[in-house]
Amino acid sequence: MRTSYATILLQLLIAKLVLARKPDVDIKALLTDKRHSWSANTTLAFPGEERFRIVTSRWSTYKPPTFSAAISPATDEDVAQIVSIATSGNIPFLATGARHGYSTSHGELQNGLAIDLGQLNSVIVDSEAATLTIGAATRFSQILDPVYAAGFEIPTGSCSCTGIVGATNGAGIGRFNGIDGMLIDFLISVRLVTAQGTIVEASGTQHADLFWGLRGAGANFGIILSATYKLVPLLGNGEVTNFDLVVPAEMVPDYFKTLESYNASMPAKLAGVSVIIYNADTNSPQILTNWVYYGPEAEAREALDSILALDPPVIGVNVVPWNKLLATVGFGIDSMLCAKGIIRNIHSANVRNFSASTWISTFEKMRDFYATYPAARLSVIQMETFPNQAASAVPDDSTAYPWRDATGNMIFVFAYTDDTVSMAKIADDMGREIQEDFVATSGYPDLSVYVNYAHGDESLEQIYGARKLPRLSALKKQWDPDNVFAYNNPLPTDYSLVHNDGEGPSRHDEL
C-alpha cells in the first residue's frame, strides 16, 4: 500500500547520507578534549555507566537508536557548540527531551551521539503578558499547576509525561482542539540551534518562513531550545467533567454505532478516547473509554446522553479542575501510559469519518489476536475522537500541519514481551491490516498520519501532505542542506526527486 518507487528512492537517498556520516573521529575523545569548554553543569556519559542508561532510556524500545556517547548540556550555548562539533566531525546525533517518540526513523541512527536536553526544562508563566515560556525538555506535567494557578489554560497532550516541544513539533493535538485549537496555534516564538550551530529566533516576524515549517515538521530544521506560547483564560472556572466507562464485549456493537452518530456533530467541548484492551479476568477484549467535557456535570451528561443511555456496567464520574484532568482520565491510567522501556510497535491513521463497521471489525480481529498471541496481550487499539472546530478554523496555509480536518486519530499499539523478529512481523502485519481497514472508511483518499504518530514507513505525502511538501523541502534545503536532522521522519532537500513514481502525477497529489 505504501511502498512506491518514490518512497524507495527517498529511503535510498537518506541511507546514502546516513552511511556517509560515519564519524571521522572517536566520539569520546572528541567530547572529552580539553579544548572544549563545557559549562559547569554539562555532563558526559558513556556506555556502561548508569548515567548513560538514564539519559538514553526510551518510552518505546522498538527499533531504537543506539549511541556511543551522551551529553546533557546545561546551556543553550553548549547545545550550539555540540552541534558545531558534531557536524564538523561528521558525527550523527539525535536530540531528545522526554524521549517519548517512537518512529522507526529514530532507529536509523546507530552508534551516534545522544544530546539529552533534560536540563533545559524551565517553566516561566508571565501573567501580565499571558504567556508561557518553557525549555526544550519541559513536560506537560510541569506546566499544569503553574498555568492553572495563574488563571490560564493551554492545549495539552493525552498524557502528562510527553515533552511539550516534541508535541509542538508535530502540531500538538489533544482533547480541546474543538475549543482551543492545537499547540502550534498557541506558539508565539522559538529559540533554536540550526544545522550550522547558530542560535536563531523564529516567530511570525523573525524567520517567518522557518516558523511556518516548524509548526508541523519542526524536527527537521533544528533543535528547539525554548518556546513561548500564548495563554488563554480558563473556560468558565476551569471545571472539567470526566467520565470513565468499561464497555464489555457484548455491548461493543451498540457502543460503536452510537459513537458513529457523532460524525460531524461532536460538540466542541466534548472529546473521547476509546481503547480496545484485553481483560485477563474475562479472557476477552473490552472497551475502556474516557469521555471529557469542558464544563459542569449537568451539561456533560446532556452532551453524552446517547453513550450513557447504553448503561455500561462500570461508570466513573469526576468533576476536576483543568490541571488535574490528565491524572484523572482512564481511571488514573496516566502513570501506566508513561511507563518506559516497553516494546511498542505502533501504526496509525487519521480519519474524518467515523465508521462503526470498521471499529467492530477491528474489535473482532483483536479478539482473535489476543487469543492467538498471549505474549502480545498488552497491545491496545486507541481511538481518539477529538472535535476540531477551533483547529479547522485556522487557515490551512498558516502552518505546515496538513490534517486540520481530521476528527479522529486511530493508534494501533502492539506491545509484546516476545522480542523476536517473528513477533515483530506478526504485529506489523496486524497493524497494517487494521490500518488499511481504517483508511478504507476514513474519508481520506489515502492513508494520512499525524507525524508524531507515524510508524516511519509511510510516504512523505502520507505524513506531511503533498500540498505542503514543495515548501517544506525548500526550507529543508535552506536550513539543513546536509540533512543532519535526519532521524525523525526526515524531509528531502529536493522534493522533485521523490514525489513522482514515473507513472504520471503522484497518487497523493490530491491530499
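Above this text sits the structure in question.
Since this is a predicted model, take the numbers as computed values, not measurements. (Residues numbered from 1 in each chain as written. Predicted model: local features only at pLDDT ≥ 70, side-chain atom pairs only at ≥ 80, totals over all residues. Heavy atoms only, no water.)

A. Up close: the sheet that holds strand β6 (residues 131-135). With antiparallel pairing, the five strands of this open sheet are ordered in space as β5-β6-β10-β8-β9. Strands with a single pairing partner mark the edges of an open sheet, and in this sheet they are β5 (123-126) and β9 (199-203). Each adjacent strand pair in this sheet contributes to an overall mean axis angle of 15 degrees, direction not counted. The pairing of strand β8 (residues 187-193) with strand β10 (residues 223-230) spans six bridges and is classified as antiparallel. Bridging across to β10, Val 190 finds its partner in Ala 227. In the packing of helix α5 (residues 140-149) onto the sheet, contacts are made with β5 and β6, and the angle to β5 comes to roughly 20 degrees. (Pairing = 2+ DSSP bridges. Helix = DSSP H or I, 4+ residues; strand = E, 2+ residues; numbered from the N terminus. Axes fitted to C-alpha atoms, helices over the stretch in contact; angles between N-to-C directions. Contact = heavy atoms within 4.5 Å.)

B. Inspection of the state of the cysteines at higher detail. With the rule as written, the count across this model stands at one disulfide. The residue that forms a disulfide with Cys 161 is Cys 338, at a sulfur-sulfur distance of 2.2 Å. Measuring the twist about the S-S bond at about -95 degrees, one finds the Cys 161-Cys 338 disulfide to be left-handed. Here Cys 161, found in the loop between β7 (152-153) and α6 (164-170), pairs with Cys 338, found in the loop between α12 (334-337) and β16 (344-351); they are 177 residues apart in sequence, far enough to count as distant. Accessibility classification places Cys 161 together with Cys 338 in one group, the buried group. Free cysteine: Cys 159, not disulfide-bonded; nearest cysteine sulfur from Cys 161 at 4.0 Å. (Disulfide = S-S within 2.5 Å. Buried < 20%, exposed > 50% of the residue type's maximum accessible area, 1.4 Å probe, protein only.)

C. Summary view of the pairing of β5. Of the pairings in the sheet, the one linking β5 to β6 comprises four bridges and is antiparallel in character. Bridge pairing in β6 links Ile 124 to Thr 133. The hairpin formed by β5 and β6 contains four residues between the paired strands, and Ala 130 there has a positive phi angle of roughly 55 degrees.

D. Structural context of the packing of aromatic side chains. Using the criterion set out here, one finds 14 aromatic pairs in the structure. A centroid spacing of 6.0 Å and a plane angle of 40 degrees characterise the contact between Trp 59 and Tyr 102, whose relative ring orientation is tilted. Taken together, the residues Trp 59 in the loop between α3 (50-56) and β2 (67-72) and Tyr 102 in the loop between β3 (93-96) and β4 (112-116) connect sequence positions 43 residues apart. Classification of Trp 59 as buried rests on a relative accessible area of 11%. Taken together, the aromatic side chains of Tyr 255, Phe 256, Phe 354 and Trp 359 make up a single cluster linked through ring pairs. (Phe/Tyr/Trp six-rings, centres within 6.5 Å; stacked < 30°, edge-to-face > 60°.)

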